[in-house]
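Inside the fold
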Amino acid sequence: MRKILFLLLLMCCCFEAKAGDLDGKYLSQSGELMFIFKGDSLYIDIAQSQRNVSAFKLVKNSETQNIKSFNAYESFLKDGKVTYREVLIKVTKEEEGPQFILEYFGKDKDREYNSNERYTIKLVE
């Protein structure tokens, strides 16, 4: 009985948390950035040129009715070496309309300091 319970708990912990109901393409209010949620990933592109800016693997940190927060992991090249960074991404559904607030907290890969950014995004697909 203990082995079955342990196996069940282990299996529950193995399932990755996905962005789930966020899947789709979202455009920032300014129209400059496209946020694409796909499974357990978030891709950030420049909307006009479709050039990739960042790609994150998402691990759900917490979820309430209107707020989802993720530990987000990105790998990139720095001085010819693969480097990893972790940031916090929080997505809040606004009460009015089909809009979301996406907040980003963490050290930016292009800067030597922490940044906090906030975007209003709307589903386009």
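Residues numbered from 1 in each chain as written. Predicted model: local features only at pLDDT ≥ 70, side-chain atom pairs only at ≥ 80, totals over all residues. Heavy atoms only, no water.

Examining the pattern of salt bridges
Applying the stated rule across the entire model yields six salt bridges. Salt-bridge contacts for Lys 57 lead to Asp 40; the nearest nitrogen and oxygen are separated by 3.0 Å. Taken together, the residues span a long stretch of sequence, with Lys 57 in strand E4 (residues 52–63) and Asp 40 in the loop between strand E2 (33–38) and strand E3 (41–46) at a distance of 17 residues. A salt bridge links Lys 90 to Glu 103, with the nearest nitrogen and oxygen atoms 3.6 Å apart. Of this pair, Lys 90 sits in strand E6 (residues 81–93) while Glu 103 sits in strand E7 (residues 99–107), placing them 13 residues apart in sequence. Among the ionic contacts, a cluster of salt bridges with common partners joins Lys 60, Glu 63 and Lys 68. (Salt bridge = Lys/Arg side-chain N within 4 Å of Asp/Glu carboxyl O. Helix = DSSP H or I, 4+ residues; strand = E, 2+ residues; numbered from the N terminus.)

Brief notes about the sheet that holds E2
On the basis of which strands lie adjacent, the closed barrel formed by eight strands has the order E1-E2-E3-E4-E5-E6-E7-E8 and antiparallel pairing. Here the strands of the sheet are splayed against their neighbours by 30° on average, with no regard to which way each runs. (Pairing = 2+ DSSP bridges. Axes fitted to C-alpha atoms, helices over the stretch in contact; angles between N-to-C directions.)

Overview of a nonpolar patch on the surface
Where nonpolar side chains cluster on the molecular surface, the patch consists of Leu 77, Val 82 and Tyr 84 and spans about 390 Å² of accessible area. Considering the arrangement of structural elements, one finds Leu 77 in strand E5 (residues 67–78). Judged by relative accessible area, Leu 77 falls into the exposed class, the value being 65%. (Patch = residues over 30% accessible without salt bridge, like charges linked within 9 Å, V, L, I, M, F, W, Y side chains within 5 Å. Areas by Shrake-Rupley, 256 points an atom, 1.4 Å probe, with all protein chains shown as cover. Buried < 20%, exposed > 50% of the residue type's maximum accessible area, 1.4 Å probe, protein only.)

Considerations on the packing of aromatic side chains
In this structure the tally under the stated criterion is three aromatic pairs. Ring centres 5.3 Å apart and planes at 55° place the aromatic pair Phe 35 and Tyr 119 in the tilted group. Taken as a pair, Phe 35 in strand E2 and Tyr 119 in strand E8 (residues 114–123) lie far apart in primary sequence, 84 residues in all. Among the aromatic side chains, those forming a connected cluster through ring pairs are Tyr 26, Phe 37 and Phe 100. Directly above the aromatic system of Phe 100 lies the positively charged group of Lys 93, at a separation of 5.3 Å from the ring centroid. (Phe/Tyr/Trp six-rings, centres within 6.5 Å; stacked < 30°, edge-to-face > 60°. Lys NZ or Arg CZ within 6 Å of the ring centre and 35° of its normal.)

Section: the nonpolar core
The biggest cluster of nonpolar side chains holds 18 residues, and the ones touching the most others in it are Phe 35, Phe 37, Leu 42, Phe 56, Leu 58, Ile 89 and Val 91. Of all the elements in the fold, those that place two or more residues in this core are E2, E3, E4, E5, E6 and E7. (Core = buried A, V, L, I, M, F, W, Y, C linked by side-chain atoms within 4.5 Å.)

Brief notes about the pairing of E7
Relative to E7, E6 runs antiparallel, the two sharing six bridges. Note that in E7 the partner of Ile 89 across the bridge is Tyr 104. Judged from the nine bridges that link them, E7 and E8 form a sheet pairing that is antiparallel. Pairing of Phe 105 across the sheet is with Asn 116, part of E8.

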